[in-house]
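# Working through the structure, step by step
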Amino acid sequence: MVKLGNAASAIKPKGGGGKAKVIGVLVLIVLVIIILFNIFNFANTDANRIGLHYGGGVIEDKKFKSVVPPGSTNKLIGPGDTLYTYPIDQRSYIIGGDGADTDAADEVTVVSKDNVRLGVRVQVYFTLNRSKDVLKSFHERIGLKTEAYEESGWNDMLQSYFRPQIDRALSAVATNYGWAELYNNEKMKSAFQSAAAKEFTRLLPAAVGGDYFCGPGYNGSNDCGELSFTVQKPMPLDKGIIDGLEAKQRAELAKATQEQKNQQVNVELQSVKQQVAMLGAQGYLLKTAIESGKIQFMVIPQNGNVSIPVPSTTNQQPTTQPTTPAR
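Residues numbered from 1 in each chain as written. Predicted model: local features only at pLDDT ≥ 70, side-chain atom pairs only at ≥ 80, totals over all residues. Heavy atoms only, no water.

The subject of this paragraph is the pattern of salt bridges. Within this structure, the stated rule accounts for seven salt bridges. When the shortest N-O distance is used, the salt bridge between D89 and R91 registers 3.2 Å. With relative accessibility at 29%, the residue D89 sits in the partly exposed group. A salt bridge links E140 to K136, with the nearest nitrogen and oxygen atoms 3.4 Å apart. With E140 and K136 both in helix α2 (residues 132-146), this residue pair falls four residues apart, about one helical turn. It is possible to trace a salt-bridge network through shared partners that takes in D89, R91 and E151. (Salt bridge = Lys/Arg side-chain N within 4 Å of Asp/Glu carboxyl O. Buried < 20%, exposed > 50% of the residue type's maximum accessible area, 1.4 Å probe, protein only. Helix = DSSP H or I, 4+ residues; strand = E, 2+ residues; numbered from the N terminus.)

Attention shifts here to the environment of S131. If you trace the backbone, S131 turns up in the loop between β9 (122-128) and α2. Look at S131 and you get partly exposed, because its relative accessible area is 36%. The sequence separation of S131 and C224 amounts to 93 residues, and the corresponding C-alpha distance is 9.8 Å.

Further remarks concern the nonpolar core. One recurring pattern in soluble globular proteins: nonpolar side chains tend to sit buried together. The biggest cluster of nonpolar side chains holds 49 residues, and the ones touching the most others in it are V122, F138, F162, I166, L170, F213 and F229. Residue contributions to this core peak at ten residues, all from helix α3 (residues 151-174). Discounting chain neighbours no more than four positions away, the residues touching V122 are Y93, I94, I95, V108, I166, L170, F229, T230 and V231. (Core = buried A, V, L, I, M, F, W, Y, C linked by side-chain atoms within 4.5 Å. Contact = heavy atoms within 4.5 Å.)

Disulfides are covalent bonds that connect the sulfur atoms of two cysteines. Taken as a whole, this structure holds one disulfide when the rule is applied. Sulfur-sulfur distance for the disulfide between C214 and C224 comes to 1.9 Å. A torsion of -105 degrees about the S-S bond marks the disulfide between C214 and C224 as left-handed. Here C214, found in strand β10 (residues 213-214), pairs with C224, found in the loop between β10 and β11 (228-231); they are ten residues apart in sequence, far enough to count as distant. (Disulfide = S-S within 2.5 Å.)

Let's shift gears to the side chain of D81. The residue D81 is located in the loop between β4 (75-77) and β5 (82-87) in this model. Side-chain polar atoms of D81 contact the side chain of H53, separated by 2.7 Å. (Polar contact = N/O pair within 3.5 Å; in protein donor to acceptor, adjacent residues only side chain to side chain.)

Another aspect to go through is the sheet that holds β5. Whether parallel or antiparallel, the strands of a sheet pair through hydrogen bonds between backbone atoms. Pairing within the open sheet is antiparallel, and its three strands lie in the order β3-β2-β5. Of all the strands in the sheet, the pair left with one neighbour each is β3 (64-68) and β5. Pairs of neighbouring strands in the sheet enclose a mean axial angle of 25 degrees, with direction left out of account. Here six bridges tie strand β2 (residues 49-54) to β5, and the two strands are oriented antiparallel to one another. In the sheet register, H53 faces β5, and the bridge partner there is L83. Lying over the sheet, α2 contacts β2, β3 and β5, oriented at roughly 80 degrees with respect to β2. (Pairing = 2+ DSSP bridges. Axes fitted to C-alpha atoms, helices over the stretch in contact; angles between N-to-C directions.)

This part covers helix α5 (residues 186-208). For α5, spanning 23 residues, the distance from its first C-alpha to its last is 33 Å, which sits close to the expected 33 Å at 1.5 Å a residue. Restricting attention to buried positions, one finds in α5 the residues K189, F192, Q193, A196, A197, E199, F200, L203, L204 and V208. Against the buried residues of α5 lie β9, α2, α3, α4 (179-184), β10 and β11. Where α5 begins, one side-chain oxygen reaches toward the backbone nitrogen of K187, 3.1 Å away; that side chain belongs to N185. Immediately beyond the C-terminal end of α5, within one or two residues, lies G209, with a positive phi of roughly 95 degrees. (Expected span 1.5 Å × (residues − 1).)

The following block contains the structure:
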């Protein structure tokens, strides 16, 4: 019996040790997987985003390594490395109105040459310059500071760098135009827009430190091009100014209408003078009476009898008399 008990005791620990070994192997496998995932780091980019690969390992500096093209899948990068992605499709910055990147009621305030405060809504369309050196410079100078590789950071970047230069450009140019020219003169508004666009494209690179932004038609292989810059009709902030302009325009229209009527009367008067000179005063009056229907006349055929009604001053039926035709 003693021997059997010793034998059972000897067998039991062996079974428990087997389970411990299995658990240990499973733990080891999990650790290996975790280590492998940290060693083999993969980068992916969407079709409309380009990536910048920076080192970040224990034994290397956090420096730029390579550009990861748009649409890349499972590109192997080093352990601890970081991928920053930026949009390559057409982007916009819109101030005011539907779809604005600011409040819908927002607008740029400028002062015209005649000291009228105007509100202007602006749309800018552009793409990010994806040239390697330019993109790397943008990331290190602007992107890291504003976290522009994130959507919220991108919007913050536009607000921090685009908006101030738009304000400056419009304010500098608006002083060359009267408010009415910008409000209702399409030719002057177009000139204002062109001048503002030129000023903005001059100010922006100086503010951000490089030509980081291209026109909306840029695709990475063609010329960078200029940003698309458009403005809506500048509106006086004081609505009473518009009411005054409309009242003035109505008065001018009424004046023009009266002048036209006066010209028509003068033409008719000249015609009357010419007819009086030709027909005489009595002849003109007779002609006028006939034309107005006040005097009626008829043609009497030869050798015929005509009955002419004779008006009566009473309520009796009118009588007729035979008339001998003239010979």
